Amino acid sequence: MSPRFAGPPLGVRLASTAKVVSRAFDDALSAAGGSRPTWMVLMSLKSRPVANQRELAAAVGIQGATLTHHLNTMEADGLLTRRRDPANRRVHLVELTEAGEAAFERMRGAALNFDSRLRAGFSAEQLTEFGDFLEQLQRNVTVSS
């Protein structure tokens, strides 16, 4: 016999909480003049200053066509440049501009402030335990039975 739990199923609570946190994070990035896709691209380019679009799509986890849409907008906003790779003309290299660097710093500040909000009221031990719980939840749904 399975154990009975009070309240809604854990998956429902987790999904609901994730949605609220995700929306709040999107709002924090928006207040800093950005969006989650822009933040993800900027973070990827900060870790690898010049990347080709295929590598960038893989790092960000966005399909090629969707990434191209975001890159077009970011390029029009002056946040990045794209140029053909001299070694392979079919490949576009993507680099941050000064405006892209400034946008990264603004959004980085917003992301760090948001992270502080999330951590408020928890001890270091609780946060470590919470991280362990999240890892276990991932294992529970990714391990084949």
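One can find the structure itself at the top, above this paragraph.
Figured I'd write up the structure that's included with this text. Bear in mind the structure is a predicted one, so any value in this text is a computation, not a measurement. (Residues numbered from 1 in each chain as written. Predicted model: local features only at pLDDT ≥ 70, side-chain atom pairs only at ≥ 80, totals over all residues. Heavy atoms only, no water.)

Along the chain, Asp85 turns up in strand S2 (residues 80–85). No salt bridge is formed by the buried Asp85; its nearest oppositely charged neighbour, Arg83, is found at 6.1 Å. Residue contacts for Asp85: discarding those within four places in its chain leaves Val91 and Leu93. (Helix = DSSP H or I, 4+ residues; strand = E, 2+ residues; numbered from the N terminus. Buried < 20%, exposed > 50% of the residue type's maximum accessible area, 1.4 Å probe, protein only. Lys, Arg positive; Asp, Glu negative; His and termini not counted. Salt bridge = Lys/Arg side-chain N within 4 Å of Asp/Glu carboxyl O. Contact = heavy atoms within 4.5 Å.)

Strand order in the open sheet formed by three strands is S1-S3-S2, with antiparallel pairing between adjacent strands. Looking at which strands have only one partner, the edges of the open sheet turn out to be strand S1 (50–52) and S2. Averaged over all pairs of adjacent strands, the angle between their axes in this sheet comes to 30°, without regard to strand direction. Where S2 and strand S3 (residues 88–96) come together, six bridges link them in antiparallel fashion. Its bridge partner lying in S3, Arg83 is registered against Leu93. Along the sheet, helix H2 (residues 36–47) makes contact with S1, S2 and S3, crossing S3 at roughly 100°. (Pairing = 2+ DSSP bridges. Axes fitted to C-alpha atoms, helices over the stretch in contact; angles between N-to-C directions.)

Turning our attention to the environment of Gly100. Tracing the backbone shows Gly100 in helix H5 (residues 98–119). Given the relative accessible area of 0%, Gly100 is considered buried. With 90 residues separating them in the primary sequence, Gly100 and Leu10 have C-alpha atoms 40 Å apart. Apart from residues lying up to four places away in sequence, Gly100 is in contact with Leu42, Gly78 and Leu79.

This part covers the side chain of Thr38. Here Thr38 lies in helix H2. Look at Thr38 and you get buried, because its relative accessible area is 12%. Apart from residues no more than four positions distant in its own chain, Thr38 is found in contact with Met74, Leu79 and Met107.

All right, on to the packing of aromatic side chains then. By the definition in use, this model includes two aromatic pairs. Aromatic pair Phe25 and Phe114: ring centres 5.2 Å apart, planes at 45°, arrangement tilted. In this pair, Phe25 sits in helix H1 (residues 10–31) while Phe114 sits in helix H5, placing the two residues 89 residues apart along the sequence. Both residues of the pair, Phe25 and Phe114, count as buried. With a centroid separation of 5.4 Å and an interplanar angle of 20°, the aromatic rings of Trp39 and Phe104 are classed as stacked. A residue pair is termed long-range when its members are at least 10 positions apart, and Trp39 in helix H2 and Phe104 in helix H5 qualify at 65 residues. (Phe/Tyr/Trp six-rings, centres within 6.5 Å; stacked < 30°, edge-to-face > 60°.)

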